[in-house]
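# Topology and contacts: notes
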Amino acid sequence: MRITGKSLETDLLSLYNNLPPEQVKLKDKRNMNRYQFARTRLTFGKEKMEKIYNARVIVFGIGGVGSYVVEALVRSGIGAIDIVDDDKICLTNINRQLYALHSTIGKDKVDVAEQRILDINPDCKVTKWKTFYMPETADQFDFSQYDYIVDCIDTVTGKIEIIQRAKALKKPVISCMGAGNKVDPTKLKVVDISRTSVCPLARVMRRELKNRGIKRLKVIFSTEQVIPPHDEDLDISCKVNCVCPPGTKRKCTIRNQVPGSNAFVPSTAGLMIAAEVIKDLTQFHITDLFKD
């Protein structure tokens, strides 16, 4: 049934008057949800939008790349999303991470992310995991529940575990390679892992996946050469002078190297990943490139 102008007026009055959710009629909430994603529906159509509404996606790592994956998926109307990260927001995250603000420093990333997600779409079902994903914690997750799996973590062992479990269940998975020490977002590409080059992380992942019999994997990587960090700025590096908030489990001081980063390469990678997820879920562009 077509929504009348009067229904829309009721919806907007409820929204603009900042009424508590319990005071907005159920039919009005549904109408608002329909109008909220109307522009997306104009692109994808009703049938494909239903696939987005009914999908459940899990995003491992919600930092510089992952936070933008989550943002774009939620703004696209994804029905359910799991967010996995045990980190707290640090002052050094402000240059690139969506959830990092002076007002959120010291807070758990998944808590801040959940609040933002529900502010964008109150109907989105959010499941948050304050977990550092590794083989030792992998059994907490039932990959069979998810329609798509997104890997945005840095640890090689964790990435391999995610990919192996996704492949074992024939679940769609996309993995982000190195986004640090780069400045040109136009060099980012979505390809099969076998077609990657330049990226040190991709090189390691190709070898490790080959050793495990995994030949194909959709990834995003950059063809840009790695930019070495400036040594003269080590005095403000968190590798030397830790500014991690209290309660941080893995501080920057334990890392071999703290990569340089910026606002535009990780965010672009995240948005490109989200685009792949939405296109794959809706079969918007049908291709056999990444089929097993």
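Above this text sits the structure in question.
Quick look at the structure, then. Within each chain, residue numbers correspond to sequence positions counted from 1 in written order. Where totals are concerned, whole chains, interfaces and linings use all residues; where local detail is concerned, this predicted model gives features only for residues with pLDDT of at least 70, and gives and counts side-chain atom pairs only at 80 or more. Only heavy atoms go into the side-chain values, all of them from the structure, while hydrogens and water stay out.

## As for the overall build of the protein
Counting from the N terminus, the helices are the DSSP runs of H or I reaching at least four residues and the strands are the DSSP runs of E reaching at least two. Of regular secondary structure, the protein possesses eight helices and seven strands. When accessible area is computed with a 1.4 Å probe and restricted to protein chains, residues below 20% of their type maximum are described as buried, those above 50% as exposed, and intermediate ones as partly exposed. By residue count, 47% of the 292 residues in the protein fall in the buried class. Any two residues whose heavy atoms approach within 4.5 Å at even a single point are treated as in contact. Restricting the contact set of the protein to residue pairs at least 6 apart, pairs at least 24 apart contribute 70%. The Shrake-Rupley method, run with a 1.4 Å probe, gives the accessible areas here. Residue values count only the displayed protein chains as cover. As displayed, the protein offers around 15,600 Å² of accessible surface, 52% of which is attributable to carbon and sulfur atoms.

## Points about the sheet that holds strand β6 (residues 188-192)
The seven strands lie next to each other as β3-β2-β1-β4-β5-β7-β6, forming an open sheet whose pairing is mixed. The sheet terminates laterally at β3 (125-129) and β6, the two strands that pair on one side only. Across the sheet, the mean angle from the axis of one strand to that of its neighbour is 20°, orientation sign disregarded. As paired elements, strand β1 (residues 56-60) and strand β4 (residues 148-151) share four bridges and run parallel to each other. If you follow Val59 over to β4, its bridge partner there is Val150. The sheet strands contacting helix α8 (residues 265-282) are β1, β4, β5 (173-176), β6 and β7 (218-222), and the helix crosses β6 at an angle near 40°. Strands qualify as paired when DSSP identifies two bridges or more between them. Interaxial angle, 0 to 180 degrees, is taken between N-to-C directions of lines fitted to C-alpha atoms, where a helix line uses only the stretch in contact.

## Here we look at the pattern of salt bridges
Salt bridge, as used here, is a side-chain nitrogen of Lys or Arg placed within 4 Å of a carboxyl oxygen of Asp or Glu. Scanning all chains against the criterion turns up 19 salt bridges. Residues Arg216 and Asp192 are paired through a salt bridge, measuring 3.9 Å at the closest nitrogen-oxygen approach. In this pair, Arg216 sits in the loop between α7 (200-211) and β7 while Asp192 sits in strand β6, placing the two residues 24 residues apart along the sequence. Taking the relative accessible area as the measure of exposure, Arg216 reaches 31% and is therefore partly exposed. Accessibility expressed as a relative area gives 2% for Asp192, which makes it buried. Here the salt bridges share partners, and the residues they tie into one network are Lys88, Asp108, Asp111, Glu114, Lys128 and Lys130.

## Regarding unusual backbone geometry
The phi dihedral of Lys170 is positive, around 55°, even though this residue is not glycine. Position of Lys170 among the secondary structure elements: in the loop between α6 (156-168) and β5. Even without glycine at this site, Asn181 takes up a positive phi of about 60°.

## Some remarks on α7
Compared with an ideal rise of 1.5 Å per residue, which puts 12 residues at 16 Å, α7 spans 17 Å between its outermost C-alpha atoms and is within 8% of the ideal. Every buried residue belonging to α7 is among Leu201, Ala202, Met205, Glu208 and Leu209, and all of these are buried. Along the axis of α7, the buried residues cluster in a sector spanning 130°; they form a single face. Turned more than 90 degrees from where α7 packs its buried face, Lys210 and Asn211 sit exposed. Contacts made by the buried residues of α7 are with α6 and β5. Backbone geometry just downstream of α7 places Gly213 in the positive-phi region, at approximately 80°. By definition here, a helix of n residues has an expected span of 1.5 Å times n minus one. The arc in question is traced by the directions running from the helix axis to the C-beta atoms.

## Side note on the pairing of β3
As paired strands, strand β2 (residues 80-84) and β3 are joined by five bridges and run parallel to one another. Paired with Val84 across the two strands is Trp129, which belongs to β3. Call a crossover right-handed when, viewed with both strands pointing away from you, the route from the first strand across the helix to the second goes clockwise. Traced from β2 through helix α5 (residues 109-120) to β3, the parallel crossover comes out right-handed.

## Thoughts on the pairing of β5
Burial along β5 is two-sided: Val173 and Ser175 and Ile174 and Cys176, pointing in opposite directions, are all buried. Sheet topology places β4 next to β5; three bridges connect them, and they run parallel. Bridge pairing in β5 places Asp151 opposite Ser175. Bridge analysis of β5 against β7 gives three bridges, and the strand direction is parallel. Its bridge partner lying in β7, Ser175 is registered against Val219.

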